[in-house]
Every structure is written in C-alpha cells, then in structure tokens.
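Geometric and topological summary
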Amino acid sequence: MSLATLSLSEVQSGFRSGAFSPVEYLEALEARIAALEPTVGAFLSRDLAPARAAAQAADVHLPLGGIPVGIKDAISVRGETCSCASKVLAGYRAPYDATVIARLRAAGAIPFGRLNMDELAMGSSTENSAWHPTRNPWDVTRIPGGSSGGSAASVAAREIPVALGSDTGGSIRQPAALCGCVGVKPSYGRVSRYGLGAFASSLDQIGPLARSVRDCAAVLNVIAGHDPRDSTSLDLEPEDFLAGLGRDDLKGVRLGKPKEYFIDGMDARVRNAVEAAIRRCEELGAEIVEISLPHTEYAVSTYYILSTAEASANLARLDGIRYGHRAQNPANLLDLYERTRAEGFGNEVKRRIILGTHVLSSGYYDAYYLRAQKVRTLIRRDFEAAFASVDAIVCPTSPEAALRLGERGQDLLKTYLADIFTIAANLAGICGLSVPCGFIEEGSVRLPVGLQFLGRALDEAKLLRIADTYERAEAWSSQAPPLETP
Ligand code: GLN
C-alpha cells in the first residue's frame, strides 16, 4: 500500500515513530501524482526540489510538521506562479507569502503544488480554467466541481492529504461534495485573506479541504487567526478546533432543516441521500427541527449582483501594467489596457465584469447594488433567527452530483442557480462545511453526495464537532475513488 493513501494522523504517527520520513512520504505522493495527473489534471504545476528540501528539514513535532499541503492557484506562495488559472496572470510570480502560507510554514507544513481552479474563482466546474479542465476522480468523464476543483480532486485522488481552497459562494464546499471529501468555509474574518487573489472581498474566505473533518480542523487550527494585514480579519482568542472532536452521539444537538433547501428540480437521488443522512443524525441523538429561511429564493440574484460588482472593482488592477500578461505593441495607453484585458480574461470573467460594472453604474446603483445590499441583510437575519433556536443547519451542499464535462453547455442561468445552497452562507458571513453522505449510482459509476452543515458566525468548533460525529458514524469519508495506479 502506498504511503499516499494514509490519513493525516497516520502520516503524523508514521513520522513521529520514525516508520517513514517526510521525504519518503513526499516521494510517495509525487509518484502517485505523476501516475494520476495525466487523467485527473488537478495540478497546474509543482516544484519538487524546494518541497524536498523543506521535507528534509521538517520538524515532525510541529502541528503539521512535514505535511505537504496543496495550494489553490489563487493563493500567493512566494516565488511561485500565481495565475488564478487566468491568462491575464500568465507568468506572474507572487513576491510574498499569503498569511495562510506563512502560518502553514510556521506550523511545519510544506506548501506543495499549484492547484487548478475556475479562472479567477468564477465558476463551479473548473472548466473555466484558462489552462485545462480537472476531472473528477470518481469518474474522469465528469467535472470535479469548482472553483476549487483542483483542490478537491487532488485530495479525493489521494495525491495530497490536505489542500487549501477559497470559497466566495461555495467554491470549497461544492467541489468537496462532488469529489467526496470534506471542505470547510470558515466564518468571514476567521482566516486572513492577505495574499488571496480577490474575487469578491466581502464574501471570500480561504479554507481547508481534506479527507476527514478532523484533518480539516487540524489545518484550520493553523490558518485561522488575526492578521493586521487584513482589516476584515477578526481579533479572537485562538481556539483548538481538534479539542472537541471525537464525540459519539449528537444528544442535545438541535439541527434545523430548512424547507427552502429541499426543492423541486434538485436531483431526487441527491435528496434521498441527504434525507437519509439527516435521519442518521436523528438516530445519533440530534433533534431535527423544520425551519424556514424565507429569503433563500433571492440569494442567487443577490450574490450575482454583489459578487460581480466587487469583482469588477477588484479586477481593475489587472491592466497589463502591474501583473502578468501585457498586450504587445500597443498604440497608446488605452489600447494597452483594452487589449490586455480582452486577451487575458476568459468569457465568464468578462461577462461578470460587464455585469458588475453595470450594477454599479450611476442610474443603476440604487436599483441593483443598493437593493442587493438590503436583501443581503434580510438573508443574514434569516440565519440569525434560525440560529436562535437551532445549533446548526443541515441541508444538501449541491442540488446535483457531478455532471459530465461540457454537459451544462452554455446554460449559465442553470449553472448560477445550482449555487443556491452554498451562497447564502457567504452573504451572511456564517461558517459552513460539506461532508460526504453517500453516493448516487450512474450505471457502473458511483458519484459522491455532500451533506452541508451551516453554523452561526464563529461557531466552527461546534460545527466541526457535529460533522465529525456524523462522519465517524458512517464510512463515506474513508471510501476512495476507483483510480488505477501502477
Ligand atoms: N460558483 C460560484 C461562482 O461562480 C462560487 C464561486 C466561488 O465560491 N469562488 O461565483
């Protein structure tokens, strides 16, 4: 058996007992990556030499000592390319470490590899990557979800034990669901965004993807915390998210089941798997309470107004002067800007810049942007009201399992609507995670389904505890996709 398939805690005990070294482990991962990448395509690049040097020097007694962590291509690692899977940032190398990377290094971890994503984190299939699509390890004819599709696919394929992603409207949770791994979107302000390529700054959060809730908690322990370089990061007492894990029942836990999250149009098989998981939570002692989040139906429109508005402002900096791609032989400065952006951005990004610029333009600002901000408040209040009577919310992560590559075609509205269950959490700033809860069958393939738990802002400890209990009562998370390795 390859070392690559061991769980994080098994790897850590292996290091600490001297059964194998961080260098041997890294090499086992690299062998598996090399064997699988021609089919999975989760990585954009990786540089083994510095990782090996770090593994050689690793202090295995640190919290993540010697553990390689895959990094979404939106997160800056000093000296490495950081293209956000966009041509507009082709060749750009980050001049500094993101705060999460500095924290990983301080905890002994080894940032390893650049993981594929939808261009500038816009999308939910990783098909919008300017470089190549990533494939779902459970069925390589299918999408891994997105935008953190490379992170989810690499973790599910056992190419890497843990990875970082970013979640603006579901981009950690939805690919985790579609690839059968665990993904955590922390509460807004829990994790520093310094060094993350900004999509929509009031919604973006970095978070971990891993093969278990426990492994995600171990990474969150390291990356969470106040950062003076991110004015929205919160100054909180450090918490140990591992401390409360390991409970065997959910007695005394009240879980809200929002009626708006079980809708016509969702895949009935996904719904059945989620309903079965909720019954399991009940068997474990949780009390299931029907709740309502009445403004859910406005979440998608609100999100696509606010996120595109913020994106249009954030992406103004990609003008050919400061970073990455620059158009050749410009006639004048305006021509340089225009052609750089025309050549550099893909269609989805252009659509969103146009939409975002429109909703912010004078005459439309009040009708769209301002109104969406007000609806955002109503959505946040829905959650506040719900959390007055429940500990956490339980619902599907995605209304459907992984589609085939290209299956959705140009049906953008349907793609946007499929974000319905994840985006409200970002609008409200609360925490959420996705944990595997079974499979649906499509012919001979099994496709993972994700169960989502949502928690009150800054209630990660409780959320992780609940998800950990559910996860260990079932064996979904430990199942591996059917990939052939030599
Ligand atoms: N699918 C959503 C979008 O395309 C969410 C993306 C994200 O969370 N980065 O905007």
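Look up a bit, the structure's there.
It should be emphasised that the depicted structure is a prediction, and the values quoted were computed from it without experimental measurement.

Analysis parameters
- In this numbering scheme, every chain counts its residues from 1 along its sequence in written order.
- Restriction of local features to residues with pLDDT of at least 70 applies here, the model being predicted, together with a cutoff of 80 or more for giving and counting side-chain atom pairs; totals for whole chains, interfaces and linings are based on all residues.
- As a rule here, side-chain values cover all heavy atoms of the structure and leave hydrogens and water aside.
- Put simply, two rings from Phe, Tyr or Trp (the six-membered ring, in Trp's case) pair if the centres are within 6.5 Å, and we call them stacked under 30 degrees between planes, edge-to-face over 60, tilted for the rest.
- Counting from the N terminus, the helices are DSSP H or I runs at least four residues long and the strands are E runs at least two residues long.
- To sort residues, take the accessible area from a 1.4 Å probe on protein chains only and compare it with the maximum for the residue type: under 20% means buried, over 50% means exposed, and anything in between is partly exposed.
- Axis definition: a line fitted to C-alpha atoms, limited for helices to the stretch in contact. Angles are taken between N-to-C directions and run from 0 to 180 degrees.
- Angles below 35 degrees are treated as roughly parallel, those above 145 as roughly antiparallel, those between 65 and 115 as roughly perpendicular, and all remaining angles as oblique.
- We call two residues in contact when some of their heavy atoms are within 4.5 Å.
- Here, a salt bridge means any Lys or Arg side-chain nitrogen found within 4 Å of an Asp or Glu carboxyl oxygen.
- The residues that make up patches have over 30% relative accessible area and no salt bridge, and they are joined within 9 Å when like-charged or within 5 Å when they are Val, Leu, Ile, Met, Phe, Trp or Tyr.
- Computed with the Shrake-Rupley method and a 1.4 Å probe, the accessible areas treat only the protein chains shown as cover for residues.
- Within this scheme a cavity is a closed region of a 1 Å grid, computed over the protein atoms alone, that accommodates a 1.4 Å probe without allowing it to escape, whereas a pocket is open but has protein on both sides within 12 Å along at least five of seven lines; lining residues each have an atom within 4 Å of a point.
- Grid points are joined across faces, edges and corners, and a volume is the space filled by probe spheres set on the points.

Notes on the packing of aromatic side chains
Applying the stated criterion to the full structure yields 12 aromatic pairs. With a centroid separation of 5.3 Å and an interplanar angle of 20°, the aromatic rings of Tyr261 and Phe421 are classed as stacked. Residue Tyr261 is found in the loop between strand 7 (254-258) and helix 8 (268-283), and its partner Phe421 is found in the loop between helix 13 (412-417) and helix 14 (423-428); the two are separated by 160 residues along the sequence. Classification of Phe421 as buried rests on a relative accessible area of 0%. The interplanar angle of 20° and the centroid separation of 6.3 Å between the aromatic rings of Phe383 and Phe387 together place this pair among those described as stacked. Placement of the pair is Phe383 and Phe387 together in helix 12 (residues 365-387), with a separation of 4 residues, close to one helical turn. On the accessibility criterion, Phe383 (2% relative accessible area) is buried.

Considerations on the packing of helix 9 (residues 299-314) against helix 11 (residues 347-360)
Following both chains from N to C, one finds helix 9 and helix 11 inclined at 100°, their axes separated by 7 Å at the closest point. It follows that helix 9 is roughly perpendicular to helix 11 by the angle criterion. Here helix 9 contributes Tyr304, Ile305, Thr308, Ala309 and Ser312 to the contact with helix 11, which in turn contributes Arg352, Ile353, Leu355, Gly356, Thr357, Val359 and Leu360.

A short note on the pattern of salt bridges
Counted under the stated rule, the structure contains 32 salt bridges. The partner of Asp139 in a salt bridge is Arg142, and the shortest N-O contact between them spans 2.8 Å. Each of the two residues, Asp139 as well as Arg142, counts as buried. Its salt-bridge partner being Glu474, residue Arg280 comes within 3.2 Å of it at the nearest N-O pair. With Arg280 in helix 8 and Glu474 in the segment after helix 15 (460-473), the pair connects residues that are 194 residues apart, well separated along the chain. The exposure class of Arg280 is partly exposed, given its relative accessible area of 23%.

Points about a nonpolar patch on the surface
On the surface, Leu360, Tyr365 and Leu370 cluster together to form a nonpolar patch covering roughly 210 Å² of accessible area. Within the secondary structure layout, Leu360 lies in helix 11. Judged by relative accessible area, which is 30%, Leu360 ranks as partly exposed.

Examining the environment of Ala156
Positionally, Ala156 belongs in helix 5 (residues 149-156). On the basis of relative accessible area, Ala156 is assigned to the buried category, the value being 1%. As for Ala156 and Ala392, which are separated by 236 residues in sequence, their C-alpha atoms are 26 Å apart. With residues near it in sequence (within four places) discarded, Ala156 still touches Pro137, Cys179 and Pro481.

Overview of the layout of surface pockets
The space that makes up the largest pocket amounts to roughly 500 Å³. Together, 32 residues line the largest pocket, and Ser125, Glu127, Asn128, Gly409 and Thr415 are the ones closest to its centre. Broken down by secondary-structure element, the contributors of at least two residues to the lining of the largest pocket are helix 6 (173-179), helix 11 and helix 13. Here the element with the most residues in the lining of the largest pocket is helix 11; it accounts for 5 residues.

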